[in-house]
Amino acid sequence: MNASISVVVTTHNRFDCLVEACRSAAMQTLAPAEIIIVDDGSATPVATIWKESVPFATDISIRFVRLEDEGPSKARNAGARIASGEFIAFLDDDDLMAPEYLATASACLARDSAEVSVTWLRCFDGHREWPGKHFPTDHLTHDPYRNNIGFVGSNIVIRRGLFMDLGGFDTNLLGSEDKDLYVRLRRCDAKITVVEMELVRYRVHGGEQASGSFRFHPFQVSGKTKFLHKHGADMSVATYRALAADAGWFRLMGGDTWSDRWSGLGDVVRFDITKLRSLWPALKARAARDWQ
């Protein structure tokens, strides 16, 4: 029997992308119980634009929640609180669902008597597509702290009761909140099934990547450090040192204040000074911009 699934779509100032995301949810072969759009502080309220433009026709109930730019964790939690479905499928406004995504996830959940499904990703950037992260079927053998192995906001379907019992996404984390939820699911022995098909299209934005030009999204900067503080005592020494160096590098390159950058530099030197040598060109470029 197919599960009742509410789709929660979070958005901030990306109405055109939001319409694409919601249309992909509305065109599922297994229709969702509802689509809940959580407007996280868009300059013009999304509900107003939507009702004036009516971007597409659907018989699926579309509900709106408005927040004042509270971040992804609070936005997803707000949608989950009013959801009526037995399960919740989260979707970021710039990502897309393949038409058979919910039906396939529902079948896998039923087959394995699971509480959570995680689906493989396919990346795209508007010009090309390529394979994204494939959440591993042997995920329990992986270190849950070191890297995000493919558990992101847009490719999980989770039983609503379990999600609420866990307290949802940690609202203190504006980054790494997805990895944090996965860690907590493992701790409570939640049954996770893997959908071994690339049924979620994950949009890559070049300006927010932690590589290349080293332009950091502010959520990445704070998220890595707060995640380390929250879970550091449970990590191996090697993982802790690696994450501490990563968090330091993010603060050094993306911190808003000189205090953030100096403390970041201190952690890089303390935990992995090789980062300074391998990424020296990026560091020099950042210093040049700061002194302009």
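The shown structure was predicted, so the numbers you read here are calculated from the model rather than taken from an experiment.

Peer 1: If you had to explain the overall build of the protein to someone new, which residues and values would you point to?
Peer 2: For the protein, the helix and strand inventory stands at 11 helices and nine strands. Considering the protein as a whole, with its 292 residues, one finds that 50% of them fall into the buried category. Across the protein, every contact between residues at least 6 apart in sequence was considered, and the portion connecting residues at least 24 apart equals 76%. Entry remark: accessible area of the protein is about 13600 Å², with carbon and sulfur atoms responsible for 52%.

Peer 1: Explain helix 4 (residues 101–111) to me, and be specific about the residues and the numbers.
Peer 2: Inspection of helix 4 places Tyr-101, Leu-102, Thr-104, Ala-105, Ser-106, Cys-108 and Leu-109 among the buried residues, and these make up the whole buried set. Where the residues of helix 4 are buried, they touch strand 1 (5–11), strand 4 (87–92), strand 5 (96–97), strand 6 (116–124), strand 8 (156–159) and strand 9 (192–203). Directly after helix 4, the chain includes Ser-113, whose backbone phi takes a positive value near 50 degrees.

Peer 1: Requested: an account of helix 9 (residues 258–271), with residues and values cited.
Peer 2: For helix 9, built from 14 residues, the straight-helix expectation of 20 Å at 1.5 Å per residue is met to within 8% by its first-to-last C-alpha distance of 20 Å. Along helix 9, the positions that sit buried rather than exposed are Arg-261, Gly-264, Val-268 and Phe-271. Relative to the axis of helix 9, the buried residues are bounded by an arc of 110 degrees and lie together on one face. Seen from the buried face of helix 9, the exposed residues on the opposite side, beyond 90 degrees, are Ser-259, Trp-262 and Arg-270.

Peer 1: Can you tell me about the pattern of salt bridges, naming the residues and giving the values?
Peer 2: Enumeration according to the criterion identifies 22 salt bridges in this entry. A salt bridge links Arg-187 to Asp-234, with the nearest nitrogen and oxygen atoms 2.7 Å apart. In this pair, Arg-187 sits in helix 6 (residues 177–187) while Asp-234 sits in the loop between helix 7 (218–231) and helix 8 (237–254), placing the two residues 47 residues apart along the sequence. On the accessibility criterion, Arg-187 (44% relative accessible area) is partly exposed. Across the pair Asp-267 and Arg-251 runs a salt bridge, and its minimum N-O distance is 2.8 Å. Of this pair, Asp-267 sits in helix 9 while Arg-251 sits in helix 8, placing them 16 residues apart in sequence. Through salt bridges with shared partners, a single ionic network connects Arg-76, Asp-92, Glu-177 and Asp-178.

Peer 1: So, the pairing of strand 3 (residues 62–67): which residues are in play, and what are the values?
Peer 2: By the bridge criterion, six bridges tie strand 2 (residues 34–40) to strand 3 in an arrangement that is parallel. Its bridge partner lying in strand 3, Asp-40 is registered against Leu-67. A crossover links strand 2 with its parallel partner strand 3, the connecting element being helix 2 (residues 46–53), and its sense is right-handed.

Peer 1: Tell me about the pairing of strand 8, residues and numbers included.
Peer 2: Where strand 4 meets strand 8, three bridges bridge the pair, whose relative direction is antiparallel. Counterpart to Ile-88 in the pairing with strand 8 is Ile-158. Both strand 6 and strand 8 contribute to a ladder of three bridges, which runs antiparallel. When the sheet's bridge partners are listed, Val-118 is paired in strand 8 with Ile-156.

Peer 1: Give a detailed account of the packing of aromatic side chains, specifying residues and quantitative values.
Peer 2: Counted according to the given criterion, the structure contains 11 aromatic pairs. Arranged with centres 5.5 Å apart and planes meeting at 80 degrees, the rings of Trp-50 and Phe-56 form a pair that is edge-to-face. Across this residue pair, the class does not change: Trp-50 and Phe-56 are buried. Measuring from ring centre to ring centre gives 5.5 Å for Phe-151 and Tyr-182, while their planes differ by 40 degrees; the resulting arrangement is tilted. On the criterion of sequence distance, the pair formed by Phe-151 in the loop between strand 7 (129–131) and strand 8 and Tyr-182 in helix 6 is long-range, its members being 31 residues apart. For the pair Phe-151 and Tyr-182, a shared accessibility class is recorded, and that class is buried. A connected cluster of aromatic rings, assembled from ring pairs, spans Phe-15, Trp-50, Phe-56 and Phe-64. Geometry around Phe-250 places Lys-224 over its ring, the cationic atom sitting 4.8 Å from the centre.

Peer 1: Describe unusual backbone geometry, listing the residues and the values that go with them.
Peer 2: Positive phi outside glycine occurs at Asp-69, with the angle close to 55 degrees. Structurally, the position occupied by Asp-69 is in the loop between strand 3 and helix 3 (72–82). Residue Asp-69 is classed as partly exposed on the basis of its relative accessible area of 49%.

Peer 1: Could you give an account of the side chain of Arg-203, naming the residues involved and the relevant values?
Peer 2: With respect to the element layout, Arg-203 can be found in strand 9. Under the relative-accessibility criterion, Arg-203 is labelled buried at 15%. Each residue touching Arg-203, except ones within four places of it in the same chain, is listed here: Cys-17, Glu-20, Asp-94, Asp-95 and Phe-124.

The rules behind these values
Residues numbered from 1 in each chain as written. Predicted model: local features only at pLDDT ≥ 70, side-chain atom pairs only at ≥ 80, totals over all residues. Heavy atoms only, no water. Helix = DSSP H or I, 4+ residues; strand = E, 2+ residues; numbered from the N terminus. Buried < 20%, exposed > 50% of the residue type's maximum accessible area, 1.4 Å probe, protein only. Contact = heavy atoms within 4.5 Å. Areas by Shrake-Rupley, 256 points an atom, 1.4 Å probe, with all protein chains shown as cover. Expected span 1.5 Å × (residues − 1). Arc of directions from axis to C-beta. Salt bridge = Lys/Arg side-chain N within 4 Å of Asp/Glu carboxyl O. Pairing = 2+ DSSP bridges. Right-handed = clockwise from strand over helix to strand, strands pointing away. Phe/Tyr/Trp six-rings, centres within 6.5 Å; stacked < 30°, edge-to-face > 60°. Lys NZ or Arg CZ within 6 Å of the ring centre and 35° of its normal.

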